[in-house]
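# A closer look at the structure
So you can see what is in the structure, the chains are spelled out below.
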Amino acid sequence: MRISEFRNGKAEARFRTAYERALTELRPRPWTPLDVPTGYGTTRVYRTGPAEGRPIVLLPGSGGNALMWHGYLDTLAAQHTVIAVDTVGEPGASVQSAPIADGRDAAAWLEDLLTALDLPTAHLVGCSYGGWIALNHQIHHPGRTAGLTLVDTAGLADLDRRFYTWMILGGLAAMAPRPLRPRLARMVGNSAVLETELMALVRASMGFRRRLPPAATLTDEELGRLTAPALFLLGERSALHDSRAVADRLHRLVPAARVEIVPGAGHSLPTDDPAAVTAGILGMAARQAG
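Residues numbered from 1 in each chain as written. Predicted model: local features only at pLDDT ≥ 70, side-chain atom pairs only at ≥ 80, totals over all residues. Heavy atoms only, no water.

### Some thoughts on empty space enclosed by the protein
Taken as a whole, this structure holds 1 cavity of 30 Å³ or more when the rule is applied. Counted as a void, the largest cavity has a volume near 40 Å³. In terms of lining residues, the largest cavity is bounded by Thr-87, Val-88, Ile-100, Ala-106, Trp-109, Tyr-129, Ile-133, Leu-212 and Pro-213. Within the residue set of the lining of the largest cavity, elements represented by two or more residues are α3 (103–116) and α4 (129–140). Of the residues in the lining of the largest cavity, the class split is 8 nonpolar, 1 polar and no charged. (1 Å grid on protein atoms, 1.4 Å probe; cavity = no way out; pocket = protein on both sides within 12 Å on 5 of 7 lines; lining within 4 Å. Points joined across faces, edges and corners; volume = space filled by probe spheres on them. Helix = DSSP H or I, 4+ residues; strand = E, 2+ residues; numbered from the N terminus. Nonpolar A, V, L, I, M, F, W, Y, C, P; charged D, E, K, R; others polar.)

### Concerning the layout of surface pockets
As a volume, the second largest pocket reaches approximately 160 Å³. Taken together, 15 residues line the second largest pocket, and the ones lying closest to its centre are Ala-228, Ala-230, Val-254, Ala-256 and Ala-257. Class assignment of the residues belonging to the lining of the second largest pocket gives a composition of 11 nonpolar, 2 polar and 2 charged.

### Section: the packing of helix α1 (residues 9–26) against helix α7 (residues 196–204)
Helix-helix packing is described using two parameters, namely the angle between the two axes and the distance between the axes. α7 packs onto α1 with a crossing angle of 170° between their chain directions and a minimal axis gap of 9 Å. Taken as axis vectors, α1 and α7 run roughly antiparallel relative to one another. Note on element contacts: α7 touches α1 through Glu-197, Leu-198, Leu-201, Arg-203 and Ala-204, opposite Ala-11, Arg-14, Phe-15, Ala-18, Tyr-19, Ala-22, Glu-25 and Leu-26. Per-class residue counts for the contact of α1 with α7 are 9 nonpolar, no polar and 4 charged. (Axes fitted to C-alpha atoms, helices over the stretch in contact; angles between N-to-C directions. Parallel < 35°, antiparallel > 145°, perpendicular 65-115°, else oblique. Contact = heavy atoms within 4.5 Å.)

### Let's talk about the environment of Leu-218
With respect to the helices, strands and loops of the structure, Leu-218 is situated in the loop between β9 (208–209) and α8 (220–223). Taking the C-alpha atoms as reference points, Leu-218 and Arg-258, separated by 40 residues in sequence, lie 18 Å from one another. Beyond its immediate sequence surroundings of up to four residues, Leu-218 is in contact with Trp-132, Leu-135, Asn-136, Ile-139, Gly-155, Leu-223 and Arg-249.

### Remarks on the pairing of strand β2 (residues 32–38)
Here β2 pairs with strand β3 (residues 41–48) via 7 bridges, running antiparallel. In the sheet register, Leu-34 faces β3, and the bridge partner there is Val-45. Between the end of β2 and the start of β3, which pair antiparallel, lie 2 residues. (Pairing = 2+ DSSP bridges.)

### Notes on the pairing of strand β10 (residues 230–235)
The buried fraction of β10 amounts to 6 of the 6 residues, a majority that puts the element mostly inside the structure. Because side chains alternate across β10, one face comprises the buried residues Ala-230, Phe-232 and Leu-234, and the other comprises Leu-231, Leu-233 and Gly-235, equally buried. Where β10 and strand β11 (residues 258–262) come together, 5 bridges link them in parallel fashion. From the neighbouring strand, Gly-235 faces β11, where its bridge partner is Val-262. Crossover β10 to β11 through helix α9 (residues 243–253) is right-handed. (Buried < 20%, exposed > 50% of the residue type's maximum accessible area, 1.4 Å probe, protein only. Right-handed = clockwise from strand over helix to strand, strands pointing away.)

### Section: unusual backbone geometry
A positive phi is found at Ser-128, a non-glycine position, where the angle reads about 55°. Tracing the backbone shows Ser-128 in the loop between β7 (122–127) and α4. Unlike most non-glycine residues, Asp-152 shows phi in positive territory, near 40°. Inspection of the secondary structure puts Asp-152 in the loop between β8 (145–151) and α5 (161–175). On the basis of relative accessibility, which here comes to 0%, the residue Asp-152 falls in the buried class.

### Focus on the packing of aromatic side chains
Taken as a whole and judged by the stated rule, the model has 6 aromatic pairs. Both rings, one in Trp-69 and one in Tyr-72, keep their centres 5.6 Å apart while their planes meet at 75°; by these two values the pair is edge-to-face. The pair formed by Trp-69 and Tyr-72 is uniform in burial state, with each residue classed as buried. Measuring from centroid to centroid gives 5.1 Å for Tyr-129 and Trp-132, while their planes differ by 45°, and the two rings are tilted. Of this pair, Tyr-129 and Trp-132 are both found in helix α4, 3 residues apart, which corresponds to roughly one turn of the helix. (Phe/Tyr/Trp six-rings, centres within 6.5 Å; stacked < 30°, edge-to-face > 60°.)

### Focus on the side chain of Gln-138
Tracing the chain through its elements places Gln-138 in helix α4. Among all residues touching Gln-138, those that are not within four sequence positions of it are Gly-143, Thr-145, Leu-148, Arg-225, Leu-226, Thr-227 and Ala-228.

### Quick word on the environment of Leu-34
By the element assignment, Leu-34 lies in strand β2. According to the relative accessible area criterion, Leu-34 is partly exposed, its value standing at 31%. Separated by 25 residues in sequence, Leu-34 and Gly-9 have C-alpha atoms that sit 24 Å apart. Discounting residues that sit within four places of it in the chain, Leu-34 has contacts with Thr-43, Arg-44, Val-45 and Leu-117.

### Examining a nonpolar patch on the surface
There is a patch of nonpolar side chains on the surface, built from Leu-159, Tyr-164 and Met-167 and spanning about 290 Å² of accessible area. Looking at the secondary structure, you find Leu-159 in the loop between β8 and α5. (Patch = residues over 30% accessible without salt bridge, like charges linked within 9 Å, V, L, I, M, F, W, Y side chains within 5 Å. Areas by Shrake-Rupley, 256 points an atom, 1.4 Å probe, with all protein chains shown as cover. Salt bridge = Lys/Arg side-chain N within 4 Å of Asp/Glu carboxyl O.)

Fair warning: the whole summary comes from geometry, so function is off the table for now.
Below is the structure:
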């Protein structure tokens, strides 16, 4: 099985230039970059906020990196240590060295990372694919996770044509001239395309060959093994799944979890309703501290 990598040196150089530009433009406060060795490659993380307290670890969605959380860092880091992660195998500053075949491997990578960072417990926040990794980590490495905030996470239902259509239309909207993007974002239901700097980074990542496993739907038995306190935030209009059906499934299988359907939001929940996501993360973090 192959690993994620750039098509060639030119594609990599183009992305690195765009990444450094976005890093400079979007970094909202001082943070410390760390390159952390794991069994699956060197992982770049950015650490900010006070040293005390249980850290909040932020995992991006598919095709993204730590910069997707740029709008959240000032608020979250006012009272908490925050660690934003470039997932190994995604376009970012991490460098994959071994294949990740499935959810168990993804969980092992995250366990390696948390161990190397000397985090005996952490509050994990995962968006979409990052949520799927966080869920697999809690299933395969119980005890490390103090709490979970899952932002329209993948892995709760099988994907259908609606999601792939949403992805394609969002990609086309991101390529459109900037004046047209607000209207197109409303039409396709994807507010993330209005993130100009991040969309430039997405375009620069076209030469990146992503070879991570699909987010396989978690079984009833796997979801039933969740023991850490968890908050599932679901976009009411999510193209990823039928949020009400997913909420019913979670209530049945993980009755101790909190499930909230965010009105009017879609799968781009972090940009559709950042206030709801921020409140959810800070609320869960406060419960772990209490």
